[in-house]
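Observations on the three-dimensional arrangement
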Amino acid sequence: MKKTFSLSDFDFTLPEELIAQHPAAQRGGSRLLDGRADAIADRRFADLPDLLLPGDLLVFNDTQVVKARLFGQKASGGKLELLIERVLSPHSDSGHEVAAHMKVSKKPLPGAVLQMEGGFTATLLGRWPEAHGPLYRFRLSSDPYALMAKHGHVPLPPYITHSDSADDEQRYQTVFAKNPGAVAAPTAALHFDEAMLARLAARGIARASVTLHVGAGTFQPVKTEQIADHHMHFERFEVPAATHAAIAECKARGGRVVAVGTTTVRALESAAKFGPACSDTNIFITPGFEFQRVDMLLTNFHLPKSTLMMLVSAFAGYEHIMALYQHAIAQRYRFFSYGDAMLLARKAHP
């Protein structure tokens, strides 16, 4: 009989000092918890090529984190913060519209013109994506990407307590990031440097990419005890034709599709479930989900009671994941975006 999971099933107690505030000194300098089998092994990330086989396919998310956090003030002088979730008119010379989270003591009314640090303005148009939507629609006074690049701040996760620095600008970004649009990094891929990519290629491990622009909703807490009542946020994604072909070739030769990060899993499984025309996904992967594309998963450690804890439990098995997390805590692994990594194999369906 299948277990019905509740939110509290995905809770665990994490000592605050295990939340990594800074990345390892070197990319690839992290630890790697090998959770592919019941027997747990403590390894280094540098061991990864030896844990994969020639013919396997690594799939990365090549999204680029934009400096989406902007500061400003209302006409009254009240301070505010915007986190741009999505550029709504990326190929338009007019409009410059964005959807954003707004942090402010008292919400301004539609039509309000906000004065932003850097000398530009943001005009509030209303809510998004509908009249009572969770985000706000703004028109910026010039190109959003240019404004973010010049005046924005790295959108570090809420559990990282320091202000962003030049080091964060470099390290909260993958070495192969190329498609701007994410407000959170695909963190499992932060461990890879050019030397590691070269070692993997030399071993005969193929490489492909997807683009999924990670939204701030990835940190949104689940507030319903019955997880089926939770509504997932939407994220834009693309799985190129070349990646579909690479997956088919990998399966044909008996290789394994290794997703680097939960965002890659979301993109690949969304394309499999909803078809290649789908470009916006709110897929909610919980125990019982039938995976069609991904055979192995490289991922960081996730927040208690998060949708990502549910995803990895669906992938590798709930009891196994909870045992891995207890082991990681006991062995003082570093958690979350700047923390250590874990390698998982897909649990066979009963």
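Now for a look at the structure at hand. (Residues numbered from 1 in each chain as written. Predicted model: local features only at pLDDT ≥ 70, side-chain atom pairs only at ≥ 80, totals over all residues. Heavy atoms only, no water.)

1. Considerations on the sheet that holds strand 15 (residues 280-281)
- Strand order across the open sheet formed by 9 strands is 2-1-17-16-14-3-12-13-15, with mixed pairing between neighbours. The sheet is open, and its two borders are formed by strand 2 (41-44) and strand 15, each paired with just one other strand.
- Judged from the 3 bridges that link them, strand 14 (residues 257-260) and strand 16 (residues 296-300) form a sheet pairing that is parallel. If you follow Val-260 over to strand 16, its bridge partner there is Leu-298.
- Packing against the sheet, helix 6 (residues 262-274) makes contact with strand 3 (57-61), strand 12 (206-212), strand 13 (235-238), strand 14, strand 15 and strand 16, and its axis sits at approximately 80° to strand 12. (Pairing = 2+ DSSP bridges. Helix = DSSP H or I, 4+ residues; strand = E, 2+ residues; numbered from the N terminus. Contact = heavy atoms within 4.5 Å. Axes fitted to C-alpha atoms, helices over the stretch in contact; angles between N-to-C directions.)

2. Let's talk about the environment of Asp-38
- Inspection of the secondary structure assignment puts Asp-38 in the loop between strand 1 (31-35) and strand 2.
- Along the sequence, Asp-38 and His-213 sit 175 residues apart, while their C-alpha atoms lie 33 Å from each other.

3. Examining the nonpolar core
- Among the nonpolar cores identified, the biggest contains 66 residues, and Tyr-172, Phe-335 and Leu-344 are the most heavily contacted of them.
- Sorting the residues of this core by element identifies strand 3, strand 12, helix 5 (241-252), strand 14, helix 6, helix 7 (307-316), helix 8 (318-330) and strand 17 (341-345) as the ones contributing at least two each.
- Counting residues in each nonpolar core, the second largest holds 24 residues, with Ala-68, Val-104, Phe-120 and Met-148 among its members. (Core = buried A, V, L, I, M, F, W, Y, C linked by side-chain atoms within 4.5 Å. Buried < 20%, exposed > 50% of the residue type's maximum accessible area, 1.4 Å probe, protein only.)

4. Quick notes on the sheet that holds strand 10 (residues 135-140)
- Taken together, 6 strands build a closed barrel; the order of strands is 5-6-7-10-9-8 and the barrel is antiparallel. The sheet shows a mean angle of 45° between the axes of neighbouring strands, direction not considered.
- In this sheet, strand 6 (residues 79-87) lies alongside strand 5 (residues 69-73) in antiparallel orientation, the contact comprising 5 bridges. By the bridge assignment, Phe-71 is partnered in strand 6 with Glu-81.
- Packing of helix 2 (residues 144-151) onto the sheet brings it into contact with strand 5, strand 6, strand 7 (97-104), strand 9 (120-128) and strand 10, and relative to strand 6 it is tilted by some 130°.

5. Details of the environment of Ser-30
- Mapped onto the elements, Ser-30 comes out in the segment before strand 1.
- Separated by 309 residues in the primary sequence, Ser-30 and Gly-339 have C-alpha atoms spaced 7.3 Å apart.
- Discounting chain neighbours no more than four positions away, the residues touching Ser-30 are Ala-24, Arg-44, Phe-45, His-191, Gly-339 and Asp-340.

6. Concerning helix 4 (residues 194-202)
- Every buried residue belonging to helix 4 is among Met-196, Leu-197 and Leu-200, and all of these are buried. Looking straight down helix 4, one finds that the buried residues subtend no more than 100° of arc, so they occupy a single side. Every exposed residue of helix 4 that faces more than 90 degrees away from the buried side is listed here: Glu-194, Ala-195, Ala-201 and Ala-202.
- Residues of helix 4 that are buried make contact with helix 1 (48-51), strand 3 and strand 12. (Arc of directions from axis to C-beta.)

7. Quick word on helix 2
- Here helix 2 has its buried residues at Pro-144, Leu-147 and Met-148. Along the axis of helix 2, the buried positions cluster into a sector of 100°, meaning they face one direction only. Exposed and facing more than 90 degrees away from the buried side of helix 2 are Ala-149 and Lys-150.
- Residues of helix 2 that are buried sit in contact with strand 5, strand 6, strand 7, strand 9 and strand 10.

8. Overview of the packing of aromatic side chains
- Counted according to the given criterion, the structure contains 18 aromatic pairs.
- Summarising the aromatic geometry, the rings of Phe-12 and Phe-335 are spaced 6.3 Å apart at their centres and angled 45° between planes, so their arrangement reads as tilted. Pair noted here: Phe-12 is in the segment before strand 1 and Phe-335 is in the loop between helix 8 and strand 17, with a separation of 323 residues, a long-range link.
- Measuring from centroid to centroid gives 5.9 Å for Phe-335 and Phe-336, while their planes differ by 85°, and the two rings are edge-to-face.
- Judged by its relative accessible area of 0%, Phe-335 is buried.
- Among the aromatic residues, ring-to-ring pairing joins Phe-12, Tyr-159, Phe-219, Phe-301, Tyr-325, Tyr-333, Phe-335 and Phe-336 into one connected group.
- Sitting over the face of the ring of Tyr-333, Arg-31 holds its NZ or CZ atom 3.8 Å from the ring centroid. (Phe/Tyr/Trp six-rings, centres within 6.5 Å; stacked < 30°, edge-to-face > 60°. Lys NZ or Arg CZ within 6 Å of the ring centre and 35° of its normal.)

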